[in-house]
Amino acid sequence: MDNSITSGSVWKSIITFSVPYLISYFLQTLYGMADLFIIGQFEGPASITAVAVGSQIMHMITVMLVGLAMGTTVRIAQAVGAGDTRRAGRVAGNTAVLFLGLSVLLACFLVFQIDRIVAVMETPSEAAGGTASYLFICFLGIPFITAYNLISSIFRGLGNSRTPTYFIAVACVLNIVLDLLFMGPCGMGPAGAALGTTLAQAASVAISLFVMKTHRYGLSVTRADLRPSGEVLRSILGVGVPIAVQDGLIQISFLIITMIANLRGVTDAAAVGIVEKIISFIFLVPSSLLSTVSSLGAQNIGAGKPERAREFLYDAIRIAVFFGGVMIILMQAAAYGFVGLFTGDQAVVAAGGPYLKGYIVDCLFAGIHFSFSGYFCACGRSIYSFIHNIVSISLVRIPVVYLASVSFPGTLLPMGLATSLGSVVSVIICLFLFRHLKQKEEAAEG
């Protein structure tokens, strides 16, 4: 079992944990980006829109599964910090049973909802068929997505963010090769993108299961640990469900923004789809901070060191502010060039550049509230993260983006800027909730 990271340099612990996680998250995000990039080299805006819409749906599902798995990461990390390896094994075993059943039910349900999903997304008619084909194949692969994220959550709870990186690296390379084959010589279009991704994910799971079988990594899961325990499942879901619901609603807000863009026509729809992929790549750093603070903070809280957990939060915020500032400056000069990497259609590039220039502002504020969310999860207060996200989404992000789209039909820049306002509200709420939680913790310590 890896060091519980309850002593030594905070900065060293952050870098040691976050860099492998960042690489892993980068490779996982590269799945969707590779699909979109490669389809843009072989086909036009309709196919680009199909993959953009379909991959956004899959990203929402993946993010919710990752959020649910956060309950496993936090509970295992707390058990590791407290030196209770037996409890860590029970959490891992119960998680496996929970996620296996959930993934099968989810896949079966979604396969029969494809036409409804395509319609609800206001998908342009030119892209509807390709979107349906993409989603059908990807929905069948949901058990593989679930299995990979389950295994990754267990490793991260142990303080090991390196091993999952190896699994996803192999899958990423395979995905790119299969995408080029299926969308190039085979001419399968959006269906080829989905098939390449699904087969690559299956390979990643097969490799990870083989490695886990041959290496224990300090975690022992017995047959008894696979027997569902109400107490263990409640502890996992108590952290994971608020995060999963919160992340799902965040992604729904992004889907609503996509729907608003789809109503503007296929050019704006393709531009927004491309920018969403670029943003998902840039947001790897803020997202890695959430996982880092939650995993390392939970170990320290389990070890009875809440003040050290807060140090992880403070340093993560410093990183978020620096990174966000750099990205804002960079994208003001390079936005059109980044969008142009995904398509040669100059109308799409012209629409996407301003949207990216506005949207990138969200990187700074999102990084701050992601760090707070990680800390709240580490404390077992994921409901705090749920609260600030729901308020900012429902009262600010969605209505302001809609108003921007209606008020400025000739440019996507105001829509991009509007997204950051929701994160500003989240940061304000997080500061209030953190102050409240800190006062309670200090009172308990005193």
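The coordinates are above.
A short tour of the structure in this document, coming up. Note that this is a predicted model, so its numbers are computed, not measured.

With that out of the way, let us pick up the overall build of the protein chain. Helix and strand counts for the protein chain come out as 16 helices and 0 strands. In terms of C-alpha radius of gyration, the protein chain reaches 21 Å, essentially the compact-globule figure of 22 Å for 446 residues. In terms of its C-alpha atoms, the protein chain occupies a principal-axis envelope of roughly 60 × 45 × 35 Å. Burial statistics for the protein chain: of 446 residues in total, 59% are counted as buried. Considering only contacts within the protein chain whose residues lie at least 6 apart along the sequence, 84% involve residues at least 24 apart. In the protein chain, which carries 25 positive and 21 negative side-chain charges, the distance between the mean positions of the two groups comes to 11 Å.

Scanning the model with the defined rule gives 8 aromatic pairs in all. On the basis of an interplanar angle of 85° and a centroid distance of 6.3 Å, the ring pair of Phe283 and Phe370 is categorised as edge-to-face. Taken together, the positions of Phe283 in the loop between helix H10 (266–282) and helix H11 (284–302) and Phe370 in helix H14 (residues 362–378) put the pair 87 residues apart, joining distant regions of the chain. Among the aromatic residues, those joined into a cluster by ring pairs are Tyr314, Phe372, Tyr375, Phe376, Tyr384 and Phe434.

The next subject is the packing of helix H2 (residues 45–81) against helix H3 (residues 85–111). Two elements in contact, H2 and H3, have axes whose closest approach is 9 Å; the angle formed by their N-to-C orientations is 170°. What the angle tells us is that H2 and H3 run roughly antiparallel. On the side of H2, the interface is formed by Ile61, Leu65, Leu68, Ala69, Thr72, Arg75, Ile76 and Ala79, while H3 contributes Arg87, Ala88, Val91, Ala92, Thr95, Phe99, Leu102, Leu106 and Leu110. For the contact of H2 with H3, the per-class residue count stands at 13 nonpolar, 2 polar and 2 charged.

This part covers the environment of Gly159. Checked against the element boundaries, Gly159 lands in the loop between helix H6 (142–157) and helix H7 (163–183). The exposure class of Gly159 is buried, given its relative accessible area of 10%. Once the C-alpha coordinates of Gly159 and Ser47 are considered, the two residues, 112 residues apart in sequence, prove to be 41 Å apart.

Axis separation between H2 and H11 bottoms out at 6 Å; the angle between their running directions is 35°. For the crossing formed where H2 meets H11, the hand is right-handed. For the pair H2 and H11, the contacting residues are Met70, Thr73, Val74, Ala77, Gln78, Val80 and Gly81 in the first and Leu290, Ser294, Ser295, Ala298, Gln299 and Gly302 in the second. Per-class residue counts for the contact of H2 with H11 are 6 nonpolar, 7 polar and no charged.

Turning our eyes to something else, we now look at the nonpolar core. The biggest cluster of nonpolar side chains holds 104 residues, and the ones touching the most others in it are Phe139, Tyr375 and Phe376. Counting residues in hydrophobic clusters, the runner-up holds 15 residues, among them Ile76, Ala88, Val91 and Ile154.

Take the pattern of salt bridges next. Here the structure, examined in full by the defined rule, presents 4 salt bridges. A salt bridge links Arg318 to Asp315; its shortest N-O distance comes to 2.4 Å. Residue Arg318 and its partner Asp315 are both found in helix H12 (residues 306–340); the two are separated by 3 residues, about one turn of the helix. What makes Asp315 buried here is its relative accessible area of 8%. Note that Asp362 is salt-bridged to Arg397, the shortest N-O span being 3.8 Å. With Asp362 in helix H14 and Arg397 in helix H15 (residues 382–407), this residue pair connects regions lying 35 residues apart in the sequence. With respect to burial, Asp362 and Arg397 carry one shared label: buried.

Relative to the 24 Å expected for 17 residues at 1.5 Å per residue, H14 spans 24 Å between its end C-alpha atoms, a close match to the ideal helical length. When you tally the buried positions in H14, you get 16 out of 17 residues, the bulk of the element. Just downstream of H14, Gly380 is the residue with a positive phi angle, here 75°.

Summarising the element assignment, Ser407 is placed in helix H15. A distance of 2.8 Å separates a polar side-chain atom of Ser407 from the backbone oxygen of Leu403.

With respect to the helices and strands, the residue Ser426 is situated in helix H16 (residues 413–445). Take Ser426: its relative accessible area is 1%, and that puts it in the buried class. If near-sequence neighbours (up to four positions away) are discounted, Ser426 is found in contact with His369, His388, Asn389 and Ser392.

The next thing to look at is the state of the cysteines. Taken as a whole and assessed by the stated rule, the structure comprises 0 disulfides. We note that Cys379 lacks a disulfide partner, and the nearest cysteine sulfur, in Cys377, lies 9.3 Å from it. By relative accessible area, which is 18% here, Cys379 ends up buried.

Cut-off values and rules
Residues numbered from 1 in each chain as written. Predicted model: local features only at pLDDT ≥ 70, side-chain atom pairs only at ≥ 80, totals over all residues. Heavy atoms only, no water. Helix = DSSP H or I, 4+ residues; strand = E, 2+ residues; numbered from the N terminus. Rg over C-alpha atoms; globule rule 2.2 N^0.38 Å. Buried < 20%, exposed > 50% of the residue type's maximum accessible area, 1.4 Å probe, protein only. Contact = heavy atoms within 4.5 Å. Lys, Arg positive; Asp, Glu negative; His and termini not counted. Charge placed at Lys NZ, Arg CZ, Asp CG, Glu CD. Phe/Tyr/Trp six-rings, centres within 6.5 Å; stacked < 30°, edge-to-face > 60°. Axes fitted to C-alpha atoms, helices over the stretch in contact; angles between N-to-C directions. Parallel < 35°, antiparallel > 145°, perpendicular 65-115°, else oblique. Nonpolar A, V, L, I, M, F, W, Y, C, P; charged D, E, K, R; others polar. Left-handed = near helix turned anticlockwise from the far one by under 90°. Core = buried A, V, L, I, M, F, W, Y, C linked by side-chain atoms within 4.5 Å. Salt bridge = Lys/Arg side-chain N within 4 Å of Asp/Glu carboxyl O. Expected span 1.5 Å × (residues − 1). Polar contact = N/O pair within 3.5 Å; in protein donor to acceptor, adjacent residues only side chain to side chain. Disulfide = S-S within 2.5 Å.

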